[in-house]
Each structure stands twice: as C-alpha cells, then as structure tokens.
Amino acid sequence: MKKLLGLLTFWRAVLVILLGLGLYATYVRFTQGLGAATNLSDQFPWGLWIGFDILCGVGLAAGGFTLCAIVYIFNIKTFKPVIRPAVLTAFLGYLLVIFALLYDLGRPDRIWHAIVMWNPSSVMFEVAWCVMLYTTVLALEFSPILFEKLGWERPLRFVRAITIPLVIVGVLLSTLHQSSLGSLYLIVPEKLHPLWYSSLLPVFFFVSAIGVGCAMVIFESFMSSRAFKREIEMPLLSQLGRVLVVILMIYTIMKLQDLADRRAWAYVVTPNLESMLYWAEMGLGVLLPMILLAIPKVRLHATGLFSSALLVVLGFVLNRMNVSITGMEGWAQAGYFPSWMEISVTTMIVALGITGFALAARYLPVFPPAEHEAKTMEESPHMAWAE
Amino acid sequence: MARKAMLIDITLCVGCGLCRDACKEQNGLPAGEETKLNANAYTVVQDHGNDVFVRRVCMHCEVPTCASVCPVGAFTKTADGPVLYEESKCIGCRYCMQACPYQVPTYTWDQVAPRVRKCIFCHTRLAEGLPTACAEACPTGATIFGDREELIAEAQRRLREEPEKYVNHIYGLNEAGGSSVFFLSAIPFEQLGFPNNLPDHPLPMLTWNALSKIPNIVAVGGTALYGLWWIINRRDEVGKLQAKLKEMEDRKE
Ligand code: SF4
Ligand code: SF4
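Residues numbered from 1 in each chain as written. Chains lettered and ligands numbered in written order. Predicted model: local features only at pLDDT ≥ 70, side-chain atom pairs only at ≥ 80, totals over all residues. Heavy atoms only, no water.

Draft legend 1. Highlighting the overall build of chain A. Within chain A, the secondary structure is distributed over 18 helices and 0 strands. A compact globule built from 387 residues would reach a C-alpha radius of gyration of about 21 Å, and chain A, at 21 Å, matches this within 12%. When the backbone C-alpha atoms are referred to their principal axes, chain A occupies close to 65 × 50 × 45 Å. When burial is assessed residue by residue, chain A has 56% of its 387 residues classed as buried. Counting only contacts in chain A whose residues sit at least 6 apart along the sequence, the fraction spanning at least 24 positions is 78%. When the accessible area of chain A is evaluated, it comes to approximately 17200 Å², of which 73% is carbon and sulfur surface. (Helix = DSSP H or I, 4+ residues; strand = E, 2+ residues; numbered from the N terminus. Rg over C-alpha atoms; globule rule 2.2 N^0.38 Å. Buried < 20%, exposed > 50% of the residue type's maximum accessible area, 1.4 Å probe, protein only. Contact = heavy atoms within 4.5 Å. Areas by Shrake-Rupley, 256 points an atom, 1.4 Å probe, with all protein chains shown as cover.)

And the structure:
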C-alpha cells in the first residue's frame, strides 16, 4: 500500500512538473507569439504540434471507430467489452487535438471561421469539418457512460436508440478524416521525400490508423489492468492481436507495391538519415510486431502482446513524424528541431490525456468490472468509492 | 481587363535593389536589404555571383496552390492576375506556406496576432492602370510589366532572336500550371534555386483527385455500412427466431 502511495505521488509530481512547464510555455506562446515559443520559420511552418499533436493524436484515436464498426456493424460482439475504453480514448484524443490546435493556429480566436467561410477545395477545410462533426459524434457515443453513472434513463435510451446511425456516421467521418490527414501532403509532391510521398498517402494513413487503433486498445487495456489491478481480457486482446497481424500485412503489401510502382527502391537502400528512419518505421514498427504477433506464443502472452502493440504505436508515431518532419526537412533545407517549449506543450497535452483517461477509467463505468471486483461492489456498493 | 504579368530577364538585372526598395515603399514595409523573403520583404534580389542576380517574388500562379489549400478562402486569384490575401479571414494554419511550391508566403512570427505576408502584385496600382512598383522602378528593364499574352510573346521573341544568350526555357510558363511572373535566364534555372521538379499541371489537381472521392465515399460507404449492418444483424435475428421456433417444437415433442 505504501509503495503504491509512493508511486502515486511520484507520478503526481511528474504531472505537476509537466503541467508547470507546459503552462509556462503556454504563457509565452500566447503573450509573445509563435516565433518566441517555437522553432518554426518561414522555411518550416509546420512542426511538432502538427506532426505529433494533430497527426498522431487523431491516429491514436482510431480505436474508437474501428471497434465500433467491428462490434456494431460486423456484429462481432466478443469485442464489446473493449469498446468503451476505445471510445473514451477517441473522445479524449479529439478534445486534445482541438486543444492543441489552439496552440498551433496563428489566430486561435478565429478557429470558428471554417464554419462560415468555406473553401471546399481545401483538404484543411475537410479536416476542420471532420474534427468538428466527429467530436460531436464521439461525445454522443461516449455519453451513455456518463448517463449510466448519473442514472439518467431517458437520454440513455435515446442515445442507445440512435447507436447504429451514430456508428455509421462515425465510421464515415473517421474514414474521411484519417485519410485526409494524408491528403494534406498530396499537394507537396516536390517537397516530401519520395520515401513517403505517394498518391496513396490517404490510403496509407487510413490503414495505419486502423492498425494503431487496435494496438492502442491492447495497450490501454494492459496499462489499466496494471493500474487498477484488473484481470486482462487476454483471449479477447489476443484476438485483436490477430486482427492487427492482418492489417499490418495489408499495409506492408501496399507499401511494397507502392515502392515498386514508383520505382523508389533506390531511396530505401541509400544510406542516409531518411532511409534510416524509414527502416526504423517499417522494420521496428510494422514488420517486427507483425512477425511477433503471428507467433501464437507471443500473442497469447500478456507481455508479448503488449510489447508488440507498443511497437506498432511507436512505429505509427514515427511514420507521422517522418511524413511531417523528416520527409520535409531535406527540401526545406532548414534544420528544424522543436524548441523545449513546443516539447513541453506536447508533453503537457499527453499528460493531460493520460490523466483524463485514468480519471474516467476510475470514476466512470469504462472497463467491464473484473469478476471479483464485481462481487465486492455487490457486497458493499460504497467500497469502490472508499479509496 | 486583360491579364497582366511581369517578365523578369535575369540577364539584364544588375542587382541594384531598386525594385525591392520601391516595393517596400509601395507597401509601407520597413527599409532593409533582406536577401530572403520575409514578412518585411515581398521581393528580394539574391546575388548568385558572377553578376547574376535573381529576384524572388510571388509567382501569382494561374491556379494558385495557396488559394486552393486555404480552408477559409483567404486567397483569391483576381481576373487581371494578382493573387490576393485577405487577412481578416486567415486563421493562421499556415497551410499556404506549407503548400506553395515556391515557398513564397511568409509569416509575422513575432506577433501575437500574426498574419501571412506576400507580394500582392500592386493590385491597387493595377486598378488605376499603373504597372507594379517594382517594374516601374527597374532602371535596366530587367523587370517589365504588361499584358500576359504580350509578355509571353516577348519572351519567346528573345529566345528566338538570341538563342545563344538564354537557356531555352520560359520559367513560369508551364510550371505548376503556369503563373503571372516569367523568368528568362542564361544559366539553368535549377542552379539558381528555382524548383525544377514541378509538374506542368496545377498542383491543386492532386488534392482534387482525393477530394472528389468524398461524395462517393459518403454515399457508397454509408449505404454499404448500413447494408452490412442490416444483413449481418438480420441473420442474427433470424437465427434467434429459428432457435426459438426450434425450442418450441422441441417442447411440443
Ligand atoms: S507563388 Fe505561392 S503564394 Fe504566390 S500565387 Fe503561387 S502558390 Fe500562391
Ligand atoms: S494561414 Fe491563413 S491564409 Fe494561409 S492557408 Fe491558413 S488560413 Fe489560409
């Protein structure tokens, strides 16, 4: 118990430090402008906040729509127990993406302009609308968890009644949105390194998002099982690991086909920073976890499954960073490395996300109660709140 | 109004910087001798050695990438050529900067309420029938202003009459779908820092291809998802019903 408390205080301290640094950077950003807080420049206008906070943030939220589709559309009810954490991640993810956007936009006070000033030829316009609409959908998909907690029967019944249309709209919006983040880069064929520029970018972004969505569900279930001392839904998650193998396989084949079509093999074997990072992304983040997860022994073992999922997540992050930063640096000929303030805003946002998830997981019915816990709760309903 | 344009003949430029100064005066920008485009310099003159000087300025593309990517439509291409920026719309996403193939738009990074800055082709002067300030200031005729078609003809004439003087290329005629600023040079353009890997078609076509699929994705995808759900879940229900019937029969027996 004492050890646990000590651990808790440790993480609290970390959280406080991250918040402190982040808030200071926030202060500089909003009183002195982007130039003072970031290393962005005319040569390199998009940095960490777009590359990580937006591109990765949205991708890591992909578990929400993936699982909703699996459970509600394909009617594979086995996955129902992990749908809530996935929707929660997606909802939090999107809220944080909007939050991060306020930092990156030069004029955050005009964020609403996209609602009234339309330019449908712009991918960014599509992104803006998808974020708005899908966040609304996610709020609705998440609301039953809250209504249950509050015991609000009528709104609960209403949201349940529109589940299917909601899921369909959600899947469509996600498909558009995940791929349109890739489409953002279609316009820069002469700038983005040929290892990453492809007319299939939107498709790659979409498929890899589905993959990372599954990986995130595994990852979170594992983490929360440790944090809350819950039993892990191993058979279920292994099953998800199997799905992941298939998705990674599809992704790999498409990537290879694309390299062949574009005759871009030479870039893969030219030794330089770009190809190194490409190898890291594909080798460690796609091929390795694909092989690992294909081995039943690994897949059925908690640590093996968890580490493989973690690799997929890291590979995904690396891919988005490669597209948005590494792949653009060569052309811009402007070395960009995020300033400490950019980094601390990002870490603050990640910390807020983790905290939000932990709080929701603790106080809301997000995870299915483990057997023994359910019993204790039955025996003394107040137990759960006593801690 | 006929489409206006500028022809910049690099072989005639002496690097005096009068175009830059005139531009600064015209647009009320602080004086300075910048060599890189920035928020205080809509045009600059870059020294490439051996008396080769290259002006940099917004190309005022025929199908401007900046206008196509801006989510709120802050950029517009006017009928007479200029590509204008409307500050009051801009949300500061900087996609225009990321997307412009010539790396033209710049940003007032040090301001709390920053804005994009770039050459505006002196559109107010154009409206009065005047040439751009830089063209008017140029003492050697390196930068000339005129009707787009006439300037193209002029450039072609120069290439035809003095083929040994120039590389045989009017830069800006076809690059990324063409622009309203053309360059002639004695040295291959890629050696002067001009992007040489631009397609002949306008870049916005690349995203149009993707965007035009959206209605399809929504319509076909929506129907397909609904259909899938209907079929799969119906099978479920039918299964349940059959199970129930069977149960009833079993009981009867
Ligand atoms: S050069 Fe760049 S800023 Fe100028 S019109 Fe073309 S795309 Fe826009
Ligand atoms: S920075 Fe402003 S002008 Fe440029 S694309 Fe974004 S909203 Fe449009």
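Draft legend 2. Quick look at the nonpolar core. Grouped together as the largest cluster of nonpolar side chains are 186 residues, with contacts concentrated most on Y185(A) and Y95(B). L151(B), L159(B), I170(B) and F182(B) belong to the second-largest nonpolar core, a separate cluster that totals 10 residues. (Core = buried A, V, L, I, M, F, W, Y, C linked by side-chain atoms within 4.5 Å.)

Draft legend 3. Representation of the site of ligand 2 in the model. The environment of ligand 2 is formed by 14 residues, the closest being C70(B), C90(B), C93(B), R94(B) and C96(B). Residues of the shell around ligand 2, tallied by class, amount to 12 nonpolar, 1 polar and 1 charged. (Near = heavy atom within 4 Å. Nonpolar A, V, L, I, M, F, W, Y, C, P; charged D, E, K, R; others polar.)

Draft legend 4. Geometry of the interface of chain A and chain B. Between chain A and chain B, the contact holds 52 residues from the first and 55 residues from the second. Summed over both partners, the interface of chain A with chain B comes to about 4700 Å²; 62% of that surface belongs to carbon and sulfur atoms. In terms of surface lost to chain B, no three residues of chain A exceed D42(A), I187(A) and E190(A), which account for 15% of the buried area on that side. The set of elements that each furnish at least two residues to the side of chain A that touches chain B consists of α1 (2-32), α2 (34-37), α4 (63-73), α6 (113-116), α7 (123-150), α9 (163-183) and α15 (302-332) of chain A. At 7 residues, the largest contribution of residues to the side of chain A that touches chain B is made by α9(A). Of the residues in the side of chain A that touches chain B, the class split is 30 nonpolar, 14 polar and 8 charged. (Buried area = accessible area lost by both parts, 1.4 Å probe.)

Draft legend 5. Main features of the site of ligand 1. Taken together, 14 residues form the shell around ligand 1, and within it C58(B), M59(B), C61(B), C66(B) and C100(B) come nearest. Its residues assigned to classes, the shell around ligand 1 shows 11 nonpolar, 2 polar and 1 charged.

Draft legend 6. Just the confidence of the model for chain B, in detail. Looking at chain B, the pLDDT average stands at 90 and 99% of residues meet or exceed 70. Here the predicted complex scores 0.89 on pTM and 0.87 on ipTM. (pLDDT = per-residue confidence, 0-100.)

Draft legend 7. Quick peek at the side chain of N233(B). Relative to the assigned elements, N233(B) resides in helix α8 (residues 214-252). Classification of N233(B) by relative accessible area gives buried; the value is 12%. A distance of 2.8 Å separates the side chain of N233(B) from the backbone oxygen of W229(B), its partner in a polar contact. In this structure, N233(B) is in contact with Y72(A), I73(A), N75(A), K77(A) and L228(B), ignoring residues within four places of it in sequence. (Polar contact = N/O pair within 3.5 Å; in protein donor to acceptor, adjacent residues only side chain to side chain.)

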